[in-house]
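So the chains spell out like this:
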Amino acid sequence: MDSELTIIGAGPVGSLAAYSAASNGSDVTVLDQRKRIGHPDHCAGLISKSGLALLGLNDLPKKVIQNNDIQGARFFSPSGKSFVVKRKSAQAIVVNRELFDQFLVERSEKIGVNYLKGRKVSNISFDKKRKHVNINYFEVQKKNKKEIKTHSSFVSIIANGARSSLVEKTNCKAVPQTRYLSGYQLLVENVSDLNVNFVELFTSNKFAPGFFAWVIPINETTAKVGLVSSKKLSVEKLSYFMNKYPPVKDRFTKSTPLEKYGGKVIIRGLLKKTSTDGLLITGDAAGQTKDTTGGGVITGGLAAIIAGQVAAEAIKESKNNKQFMKTYDKQWKKALLKQFRTMAVFRWLVNRLTDKALEKAFETVITNDLDQLINQKGDIDSQAEILLALLKHPEVFKLIFRVLPNLQF
Ligand SMILES: Cc1cc2nc3c(=O)[nH]c(=O)nc-3n(C[C@H](O)[C@H](O)[C@H](O)COP(=O)(O)OP(=O)(O)OC[C@H]3O[C@@H](n4cnc5c(N)ncnc54)[C@H](O)[C@@H]3O)c2cc1C
């Protein structure tokens, strides 16, 4: 065998799984198709401080952090009405995702993880006779010369992100295509009226059906401005948002885009089965993202740490049959399923609100001071508590009945 554990994908999830397994004594190799890890970037990089602490990442190097002091968020209705959710201290940070991913690679390399970059995995299978996993890959730089090589290991973890074609090669179901939304983001300078301590989130079916647009400040004049939309054309929709949408258009008249990023966000795509003989699936490949925000670094990272522990245990016990590997499914579900389910219900409901109904929802929050309730109970990652508290609130209950005629099915 070439290694005890092989991980496919050196995104944050793959590297967190690698670190977790290597810390538990496993010999780990990570294969990634990219030669420059984390590039091109496809993420806004907004990550909660509490989530980072759970991942054991309290001390990120300065160069990774673009904004260390996000204290809250301002939410906007389609017509521009808004409320603020805030704390006195910083709740989240903004990271440069390329440097974040590279830092996680270096951290794992320091404890002995072996990274093979520029290797694209094309197939994965379990050899029942030899009881090990065979991974077929080719070196990306060798154009027109796809010499397929095989890497074998006792256990493998699929962590190759959204639109994983590798999950389809296993007997687990992949995230359906219908669960992907398209995201587009610009890094923009010379934006006016930025508050460096607050992210801004904008709702409207005109430019972000099924999701929202965001302005995430990096400093007083530079921000990541993007949106995710259930319909295609996110590039055109972002152009409408920045140039024509009345509540913000004047803030971008002098702005210049520096970089652009695109990518897929998974909503309500959580896989039920994430293990089989010799194999575990984690992160975006398993749909382990927050349905409220599409964020997957913390939730995927938490599942990845469990995957690394279970893989190390399987290696120690010499057990890689599907019954043993199922320990992973049980453990991540115990830790995260309630959160995922509550967020999925919330997203399902919000996605059925017309702009008129969204306005009513904002009015309810503003006139009943529900932002105070969110301030007290809200947590960027563990959202089940606040979402359940909101759904039980009498005014929200009344609102749901009032907006029922405006729901779109
Ligand atoms: C526009 C946008 C904004 C976002 N903003 C946020 C945010 O602010 N906060 C947040 O938490 N999340 C955010 N997300 C989601 C976040 O980017 C993902 O949840 C996160 O990157 C998932 O990590 P991962 O390691 O599972 O996958 P990835 O980060 O996608 O990493 C997968 C890795 O696998 C490699 N790979 C893929 N296929 C193969 C193959 N066949 N062989 C070898 N290697 C392969 C890739 O090169 C890559 O390095 C955003 C997503 C988008 C699209």
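Residues numbered from 1 in each chain as written. Predicted model: local features only at pLDDT ≥ 70, side-chain atom pairs only at ≥ 80, totals over all residues. Heavy atoms only, no water.

Visitor: Looking at this structure, how should I read the site of the ligand?
Guide: Taken together, 31 residues surround the ligand, and among them Asp32, Leu46, Arg97, Val121 and Asp284 come closest. Taking arginine 97, its side chain carries an N or O atom lying 3.0 Å from an oxygen atom of the ligand. Bound to the protein, the ligand loses 93% of the 1,000 Å² it would expose on its own. Of all the secondary structure elements, the ones that give two or more residues to the shell around the ligand are α1 (12-23), β2 (28-32), β9 (119-127) and β16 (256-266). Classifying every residue of the shell around the ligand gives 12 nonpolar, 12 polar and 7 charged. When residues of the shell around the ligand are assigned to domains, at least three map to each of domain 1 (3-44 + 98-175 + 269-344) and domain 2 (67-94 + 180-266). (Near = heavy atom within 4 Å. Polar contact = N/O pair within 3.5 Å; in protein donor to acceptor, adjacent residues only side chain to side chain. Areas by Shrake-Rupley, 256 points an atom, 1.4 Å probe, with all protein chains shown as cover. Helix = DSSP H or I, 4+ residues; strand = E, 2+ residues; numbered from the N terminus. Nonpolar A, V, L, I, M, F, W, Y, C, P; charged D, E, K, R; others polar. Domains from an automatic or database assignment.)

Visitor: Honestly, the nonpolar core in this entry has me stumped. Any pointers?
Guide: Side chains that are nonpolar tend, in soluble globular proteins, to be buried together. Counting 51 residues, the largest nonpolar core has Leu5, Ile7, Val28, Leu57, Leu60 and Phe100 as its most contacted members. Only β1 (3-8), α1, β2, β7 (92-95), α3 (97-110), β11 (149-158), α5 (297-317) and α6 (322-350) provide two or more residues apiece to this core. By residue number, the principal contributor to this core is α5, which donates 11 residues. Residues in contact with leucine 5, not counting those within four places in the same chain, are Ala21, Asp27, Val28, Thr29, Ser153, Val155, Ser156, Ile157, Ala311 and Ile315. (Core = buried A, V, L, I, M, F, W, Y, C linked by side-chain atoms within 4.5 Å. Buried < 20%, exposed > 50% of the residue type's maximum accessible area, 1.4 Å probe, protein only. Contact = heavy atoms within 4.5 Å.)

Visitor: When you look at the layout of surface pockets in this model, what are you seeing that I'm missing?
Guide: If you roll a probe as big as a water molecule over the atoms, it shows you where there is empty space left. Of the voids in this model, the second largest pocket is the one considered here, and its volume is about 520 Å³. Taken together, 19 residues make up the lining of the second largest pocket; nearest its centre are Arg268, Gly269, Leu270, Leu271 and Lys272. The residue inventory of the lining of the second largest pocket, partitioned by class, reads 8 nonpolar, 3 polar and 8 charged. (1 Å grid on protein atoms, 1.4 Å probe; cavity = no way out; pocket = protein on both sides within 12 Å on 5 of 7 lines; lining within 4 Å. Points joined across faces, edges and corners; volume = space filled by probe spheres on them.)

Visitor: Explain helix α4 (residues 234-243) here, please?
Guide: What sets the pattern is the α-helix's 3.6 residues per turn: residues three or four places apart point alike. For α4, the set of buried residues is Ser234, Lys237, Leu238, Phe241 and Met242. Each buried residue of α4 lies within a common arc of 130° when the element is viewed along its axis, so the set occupies one face. Contacts from the buried residues of α4 go to β12 (180-189), β13 (198-202), β14 (213-217) and β15 (223-229). (Arc of directions from axis to C-beta.)

Visitor: What's the story with the domain arrangement of the protein in this structure? I'm lost.
Guide: Size of an interface, as often reported, equals the accessible area lost when the parts are brought together. Partitioning the protein into structural domains gives domain 1 (3-44 + 98-175 + 269-344), domain 2 (67-94 + 180-266) and domain 3 (352-406). In this complex, domain 1 contributes 16 residues to the contact, which on the side of domain 2 involves 14 residues. At the boundary of domain 1 with domain 2, total buried surface from both sides reaches about 1,100 Å², with 61% on carbon and sulfur atoms. Of all residues in domain 1, Ala44, Arg163 and Val175 bury the most surface against domain 2, accounting for 41% of the area lost on that side. Joining domain 1 to domain 2, the criterion identifies 4 residue pairs in polar contact (both at pLDDT 80 or more). Of the residues contributing to the side of domain 1 that touches domain 2, the split by class is 4 nonpolar, 8 polar and 4 charged. (Buried area = accessible area lost by both parts, 1.4 Å probe.)

Visitor: What exactly am I supposed to notice about the packing of α1 against α5 here?
Guide: The packing of two helices is summarised by the inter-axis angle and the distance between the axes. Two numbers describe how α1 lies on α5: the axes approach to 7 Å, and their chain directions differ by 35°. Crossing geometry of α1 relative to α5 is assigned as right-handed. The residues of α5 that touch α1, namely those facing Pro12, Val13, Leu16, Ala17, Ser20 and Ala21, are Val297, Gly300, Gly301, Ala304, Ile305, Gly308, Gln309 and Ala312. Classifying every residue of the contact of α1 with α5 gives 9 nonpolar, 5 polar and no charged. (Axes fitted to C-alpha atoms, helices over the stretch in contact; angles between N-to-C directions. Left-handed = near helix turned anticlockwise from the far one by under 90°.)

Visitor: How should I be thinking about the sheet that holds β7 in this particular structure?
Guide: Adjacent strands of a sheet form backbone hydrogen bonds with each other and so pair up, either parallel or antiparallel. Spatially, β3-β7-β4 is the arrangement adopted by the 3 strands of the open sheet, whose pairing is antiparallel. The outermost strands of the open sheet, each flanked by one partner alone, are β3 (46-48) and β4 (65-70). Going from strand to strand, the sheet's axes swing by 25° on average, the running direction of each strand aside. In this structure, β3 lies alongside β7, joined through 3 bridges in antiparallel fashion. Paired with leucine 46 across the bridge in β7 is valine 94. (Pairing = 2+ DSSP bridges.)

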